[in-house]
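Below are the chains, spelled out letter by letter.
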Amino acid sequence: MNMVATNNIGSEENYVYYNGRKLRKGFTTGTTATAATVAAIRALKNQKALSQITVLAANGQAATFPVVDLKFNSQSASCAVKKDGGDDQDATDGILIYSHVTWSQDNQIHLDGGRGIGRVTQKGLANKPGTAAINPTPRKVIKQAARQELGINLGVDIIISAPAGEEVAKLTYNPKLGIVGGISILGTSGIVTPMSESSWKNSISIEMNIHRQRGDKEIILTPGNYGEDFACQKLGLPLEKQVQMSNFVGYVLKEVQRLGFEKVLLVGDLGKLIKVSAGIFSTHSKDADARAEIMVANLALMGGIPVAFLRKIYNSLTTISMVDLINQAGYQKVYQIIVDKIKQRCEKLLAHRKPKVQVEAVIFSQSIGFLAATKPLSKIKEEWQ
């Protein structure tokens, strides 16, 4: 049996082009759970087996899925549908999502999560603490699809589960978001777009909102694991105040302001944050890589730097090699210039909206450690403990 979901595979609308590659779109966990639910209800209602099911994703696009492990009797039915993320590298791609439906005692549709579906434990998410991590859009789509199958006089209890969900969730943002025990049933459109940055950004926003909902007015932002490790191990700053912003510096800073934070501390490797000092707020190399040019410009503006030395910096392939050359020549003053510009650029980005956000920054090198900060380290440690 073909285990791949289909959505008019030959149609150009079902592909996206990324860096010259043609990538197939897929389906969210929400669409997958909808398909499993409709298949189970149809088997329960008609008392007949079926091998595939077609449903509408949240955006109205039809999607056909093979039905797996179908079981039914006169009172209940269950089946699974395989999550097909297309060419996306999503952690949930390929897992089985089950729906178990049972006739209810009334004509209502009741929906909950079972094994492998996470439970919300913190405020600030789309669902209240204690409820299953089935987001509002897929929750609505599942219930609407169920009602269409049942008509107005019948009701069912629906339990969505994912046997592999607890293990797979460790590879997702769920642990950081306070969602325990499994994956989330997600999707605003029902379609997965490969290499999409929007879902990544949304996850960061959700995590930041959790911090804000618990009353935090200050937040520490790091580009990734290196920054987080340095903040924790070298500066002694608490992990619970930190959020990884990846390469989305500008987006995250604007989210800081939108959510009402008053202070932010950026802690990152020079190789990432040097770009911010020049007003580059998307720091992935695919968007911009002007590290050598930025370093040369700042060194040259210090005055008295030999052109031959500037050429060496310009021809350096990494910021680590730049740091080695700068330290050997005694030009470490440039680090303070760069970190002060990081602060200035970030505050300028947020200058025309309220609330006013105070920005501080710390930069380091993986080779030698701390380089510079906008305040003395003793002050930063004191303020951000």
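Everything below is about the structure shown above.
Residues numbered from 1 in each chain as written. Predicted model: local features only at pLDDT ≥ 70, side-chain atom pairs only at ≥ 80, totals over all residues. Heavy atoms only, no water.

Enquirer: What's the story with the overall build of the chain in this structure? I'm lost.
Expert: When you go through the chain residue by residue, the secondary structure sums to 13 helices and 18 strands. Projecting the C-alpha coordinates of the chain onto the three principal axes gives extents of approximately 85 × 45 × 35 Å. Residues counted as buried form 50% of the 385 residues belonging to the chain. Pairs at least 24 residues apart make up 67% of the contacts formed inside the chain by residues separated by at least 6 positions. Carbon and sulfur atoms make up 50% of the accessible area of the chain, which amounts to about 18,100 Å² in all. The positive charge centre, built from 46 side chains, and the negative charge centre, built from 33, are 4 Å apart in the chain. (Helix = DSSP H or I, 4+ residues; strand = E, 2+ residues; numbered from the N terminus. Buried < 20%, exposed > 50% of the residue type's maximum accessible area, 1.4 Å probe, protein only. Contact = heavy atoms within 4.5 Å. Areas by Shrake-Rupley, 256 points an atom, 1.4 Å probe, with all protein chains shown as cover. Lys, Arg positive; Asp, Glu negative; His and termini not counted. Charge placed at Lys NZ, Arg CZ, Asp CG, Glu CD.)

Enquirer: Honestly, the packing of helix H9 (residues 291-302) against helix H12 (residues 333-349) in this entry has me stumped. Any pointers?
Expert: Packed helices, taken two at a time, are described by the angle between their axes plus the distance between the axes. At their nearest, the axes of H9 and H12 sit 10 Å apart, and the two run at 115° to each other. Considering the relative orientation of H9 and H12, their crossing is right-handed. Note on element contacts: H12 touches H9 through Lys 333, Val 334, Ile 337, Ile 338 and Lys 341, opposite Met 295, Asn 298, Leu 299, Leu 301 and Met 302. Looking at the contact of H9 with H12, its residues break down into seven nonpolar, one polar and two charged. (Axes fitted to C-alpha atoms, helices over the stretch in contact; angles between N-to-C directions. Left-handed = near helix turned anticlockwise from the far one by under 90°. Nonpolar A, V, L, I, M, F, W, Y, C, P; charged D, E, K, R; others polar.)

Enquirer: Looking at this structure, how should I read the nonpolar core?
Expert: The nonpolar side chains of a soluble globular protein tend to be buried with one another. Judged by nonpolar contacts, the single largest core of 48 residues is most densely connected at Leu 221, Met 295 and Ile 363. Ranked by residue count, the leading element in this core is H12, at six residues. Contacts of Leu 221, omitting those with residues within four sequence positions, involve Val 243, Met 245, Val 252, Leu 253, Val 256, Val 264, Leu 265, Leu 266 and Val 267. Grouped together as the second largest cluster of nonpolar side chains are 41 residues, Ala 39, Ala 77, Val 101 and Ala 145 included. (Core = buried A, V, L, I, M, F, W, Y, C linked by side-chain atoms within 4.5 Å.)

Enquirer: Got a minute to help me understand the environment of Ala 278 in this structure?
Expert: Inspection of the secondary structure puts Ala 278 in the loop between helix H8 (270-276) and H9. Exposure remark for Ala 278: the relative accessible area of 31% places this residue in the partly exposed category. Put simply, Ala 278 and Leu 350 are 72 residues apart on the chain and 15 Å apart in space, counted from C-alpha to C-alpha. Setting aside residues up to four positions removed in sequence, Ala 278 forms contacts with Ile 294 and Arg 345.

Enquirer: Sorry, what's going on with the environment of Ser 203 here?
Expert: For Ser 203, the position within the fold is in helix H5 (residues 198-213). The contacts of Ser 203, once residues within four sequence positions are left out, are Tyr 173 and Leu 177.

Enquirer: Explain the packing of aromatic side chains here, please?
Expert: Evaluation of the coordinates by the stated rule reveals three aromatic pairs. Arranged with centres 5.1 Å apart and planes meeting at 70°, the rings of Phe 309 and Tyr 331 form a pair that is edge-to-face. Taken together, the positions of Phe 309 in helix H10 (residues 307-314) and Tyr 331 in the loop between helix H11 (319-329) and H12 put the pair 22 residues apart, joining distant regions of the chain. Take Phe 309 and Tyr 331: they sit in the same class, and that class is buried. Here the guanidinium or amino end of Arg 212 rests over the ring plane of Phe 261, the centre of that ring lying 5.9 Å away. (Phe/Tyr/Trp six-rings, centres within 6.5 Å; stacked < 30°, edge-to-face > 60°. Lys NZ or Arg CZ within 6 Å of the ring centre and 35° of its normal.)

Enquirer: When you look at the pattern of salt bridges in this model, what are you seeing that I'm missing?
Expert: Note on pairing: side chains with opposite charge can pair once their charged atoms come close. For the structure on display, the rule yields twelve salt bridges. Ionic pairing is found between Asp 112 and Arg 119, a salt bridge with its closest N-O pair at 2.7 Å. Residue Asp 112 is classed as partly exposed on the basis of its relative accessible area of 30%. Across the pair Asp 216 and Arg 214 runs a salt bridge, and its minimum N-O distance is 2.8 Å. (Salt bridge = Lys/Arg side-chain N within 4 Å of Asp/Glu carboxyl O.)

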